[in-house]
Amino acid sequence: MINEIISMNGYGAYVWSAFSFTLIGFTSLYFVIKLQLSKEQKRFVAKFGSLNVEKAKVARLQNINREILLNTSKI
Amino acid sequence: MFKSFEPNKIFAITSKAPKYVLFLFIVVLTIGLTEALVLSPEDYKQSDAVRIMYVHVPAAWISLGIFSSLALLSVGSFIFKNKNFALIAKSLAPSGFVFNIIALVTGSIWGKPTWGTWWVWDARITSMLILVLFYGMYLLAWRIYENKEQVIKITSMIAILGSINVPIIKYSVDWWNTLHQPPSINVLSNNSIHTSMLIPLGIMTVAFALFSLLIFLMKYNTELIKIKNKGLDRL
């Protein structure tokens, strides 16, 4: 059974390389985008941390800024 | 008119959704892979080589669908002067580009055992190659140009121009004599594909669509945080 799945009637090399290429493509894209996201989140937190009390208060008024901080705290 | 398209409102959803979409994607992909590699029957002519269809066809469909969406969103951003359309299009493009490459590479791998060659310059394959070039130009333009107004105009033009290629890809197998087979699935008439193959193909298409949704959500969040980072600089 296992041998049949691996050999695929002699087409195993083609089938498995096509599926492997697809999964490698998926994984690479996922990690590239995840890296970009966490980089921007870290930049946001660093910038927010450097704001003075007044500016931080103004920034916190925006829902989206609060949401970013909330999500970043879970990382 | 497009108040529900406001980034502030969308972010509340897009920031929470990726983890659920990722979970759903893994579940559907696992079922799809089991169906595609183990449970689905082999073809009477192509034998097990037919299984490449389960990654090749969904990748091609989704890359075409995403490029059509880029063109529609670009037209939308021109007509309604809504920059968020451009942001949505920018976030969709990376997965479309990767799906297009997957379709070309897996098609090439499938071509070797069925046609005896890795590559032929036939209408379907060449037009898919042209589409990947349009995707490349679109993504490159976002990286090259700094001026926001300029980059939206240029990328929109690329998407609208590239969309001319989409019907050419679709009908290339009908208009010209190609090595590529005609479509096996037709919405308006009977399918020439058996249900035992149609079901895994459908499941894999759902899995691929979920993956592109996941990438879109993550990329869109990245772009919004980038904008907010610039906003903090201006405070």
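Rules of the game
Residues numbered from 1 in each chain as written. Chains lettered and ligands numbered in written order. Predicted model: local features only at pLDDT ≥ 70, side-chain atom pairs only at ≥ 80, totals over all residues. Helix = DSSP H or I, 4+ residues; strand = E, 2+ residues; numbered from the N terminus. Rg over C-alpha atoms; globule rule 2.2 N^0.38 Å. Buried ≥ 20, exposed ≤ 12 C-beta atoms within 10 Å, placed from the backbone. Contact = placed C-beta atoms within 7 Å. Nonpolar A, V, L, I, M, F, W, Y, C, P; charged D, E, K, R; others polar. Axes fitted to C-alpha atoms, helices over the stretch in contact; angles between N-to-C directions. Parallel < 35°, antiparallel > 145°, perpendicular 65-115°, else oblique. Left-handed = near helix turned anticlockwise from the far one by under 90°. pLDDT = per-residue confidence, 0-100. Expected span 1.5 Å × (residues − 1). Core = buried A, V, L, I, M, F, W, Y, C linked by C-beta atoms within 7 Å.

Engineer: Tell me about the overall build of chain A, and please be specific about residues and values.
Structural biologist: Counting secondary structure elements, chain A contains four helices and zero strands. Secondary structure elements of chain A, listed N to C terminal, follow the sequence α-α-α-α. Here the C-alpha atoms of chain A give a radius of gyration of 23 Å, more than 25% beyond the 11 Å that 2.2 N^0.38 yields for 75 residues. Summarising its shape, the C-alpha atoms of chain A cover approximately 70 × 15 × 15 Å along the three principal directions. Within chain A, the fraction of its 75 residues that count as buried is 21%.

Engineer: Break down the overall build of chain B for me, citing the residues and quoting the values.
Structural biologist: The number of helices and strands found in chain B is eight helices and zero strands. Each helix and strand of chain B, ordered N terminal to C terminal, gives the series α-α-α-α-α-α-α-α. Here the C-alpha radius of gyration of chain B, 19 Å, is about what a compact globule of 235 residues would show, namely 18 Å. In terms of overall dimensions, chain B has C-alpha extents of about 65 × 40 × 30 Å along its principal axes.

Engineer: Describe the interface of chain B and chain A, naming the residues involved and giving the relevant values.
Structural biologist: Across the contact, 38 residues belong to chain B and 35 residues belong to chain A. With 12 residues, helix α8 (residues 195-234) of chain B is the single largest residue contributor to the side of chain B that touches chain A. When the residues that make up the side of chain B that touches chain A are grouped by side-chain class, the tally is 23 nonpolar, eight polar and seven charged.

Engineer: Residues and numbers for unusual backbone geometry, please.
Structural biologist: One non-glycine residue, A:N9, adopts positive backbone phi at about 55°. A positive phi angle, close to 50°, is found at B:K81, a residue other than glycine. Relative to the helices and strands, B:K81 resides in the loop between α3 (53-80) and α4 (83-115). Note on B:K81: 9 C-beta atoms within 10 Å, which makes it exposed.

Engineer: Give me the lowdown on the packing of α4(B) against α8(B), citing residues and values where you can.
Structural biologist: In helix packing, the relevant descriptors are the interaxial angle and the interaxial distance, both defined with respect to the helix axes. Residue and element names in this part refer to chain B. Contact geometry for α4 and α8: axes closest at 8 Å, N-to-C directions at 135°. By the criterion of interaxial angle, the relationship of α4 to α8 is oblique. Note that α4 runs across α8; the crossing there is right-handed. Across from L87, I88, K90, S91, L92, P94, S95 and F99 in α4, the residues of α8 making contact are F208, F211, S212, I215, F216, K219, Y220 and E223. Within the contact of α4 with α8, the residues separate by chemical class into 10 nonpolar, three polar and three charged.

Engineer: Explain the confidence of the model for chain A to me, and be specific about the residues and the numbers.
Structural biologist: Of the residues in chain A, 96% have a pLDDT of 70 or more, and the chain-wide mean is 87. Mean pLDDT in chain A bottoms out at helix α4 (residues 63-73) of chain A, which sits at 76, and peaks at helix α2 (residues 12-50) of chain A, which reaches 94.

Engineer: Residue-level account of helix α2 (residues 17-39) of chain B, with values.
Structural biologist: Residues and elements named next belong to chain B. Compared with an ideal rise of 1.5 Å per residue, which puts 23 residues at 33 Å, α2 spans 31 Å between its outermost C-alpha atoms and is within 8% of the ideal. What α2 keeps buried is the set P18, F25, L29, G32 and A36. Of the surrounding elements, those touching the buried residues of α2 are α3 and α8.

Engineer: Quick rundown of the nonpolar core? Include the residues and the values.
Structural biologist: Core analysis: the biggest nonpolar cluster contains 73 residues, and A:Y14, B:I52, B:A59, B:L70, B:A89, B:Y138 and B:M204 have the highest contact counts within it. Counting residues per element, the ones that place at least two in this core are α2 and α4 of chain A together with α2, α3, α4, α5 (123-144), α6 (148-163) and α8 of chain B. Aside from chain neighbours lying at most four places away, what touches A:Y14 is B:A49, B:I52, B:I109, B:W110, B:K112 and B:P113.

Engineer: Please set out the confidence of the model for chain B residue by residue, giving values where relevant.
Structural biologist: For chain B, the average pLDDT comes to 90, and 94% of its residues sit at 70 or higher. Per the prediction output, this complex has pTM 0.91; the corresponding ipTM is 0.90.

Engineer: Please provide a residue-by-residue account of the packing of α3(B) against α6(B), values included.
Structural biologist: Residue and element names in this part refer to chain B. Their axes nearest at 8 Å, the elements α3 and α6 cross at an angle of 130°. One way to sum up the angle between α3 and α6 is to call them oblique. Like other packed secondary-structure pairs, α3 and α6 cross with a definite hand, here left-handed. Across the interface between the two elements, F67, S68, L70, A71, S74, V75, S77 and F78 from α3 touch I152, S156, A159, I160, G162 and S163 from α6.

Engineer: Account for the environment of A:V15, with residues named and values stated.
Structural biologist: Within the element layout of this structure, A:V15 appears in helix α2. Sequence-distant contacts of A:V15, that is, excluding residues within four places in its chain, are made with A:M8, B:D48, B:A49, B:R51 and B:I52.

Engineer: I'd like a description of the environment of B:Y54, backed by residues and values.
Structural biologist: Residue and element names in this part refer to chain B. By the element assignment, Y54 lies in helix α3. For Y54, a count of 28 C-beta atoms within 10 Å translates into the label buried. Spatially, the C-alpha atom of Y54 lies 31 Å from that of T222, the residues being 168 residues apart in sequence. The residues touching Y54, leaving out its near neighbours within four places in the chain, are A36, P200, L201 and M204.

Engineer: With reference to specific residues and values, describe the environment of B:K153.
Structural biologist: Residue position: B:K153 is located in helix α6. When the C-alpha atoms of B:K153 and B:F78 are compared, they prove to be 8.1 Å apart, with 75 residues separating the residues in sequence.

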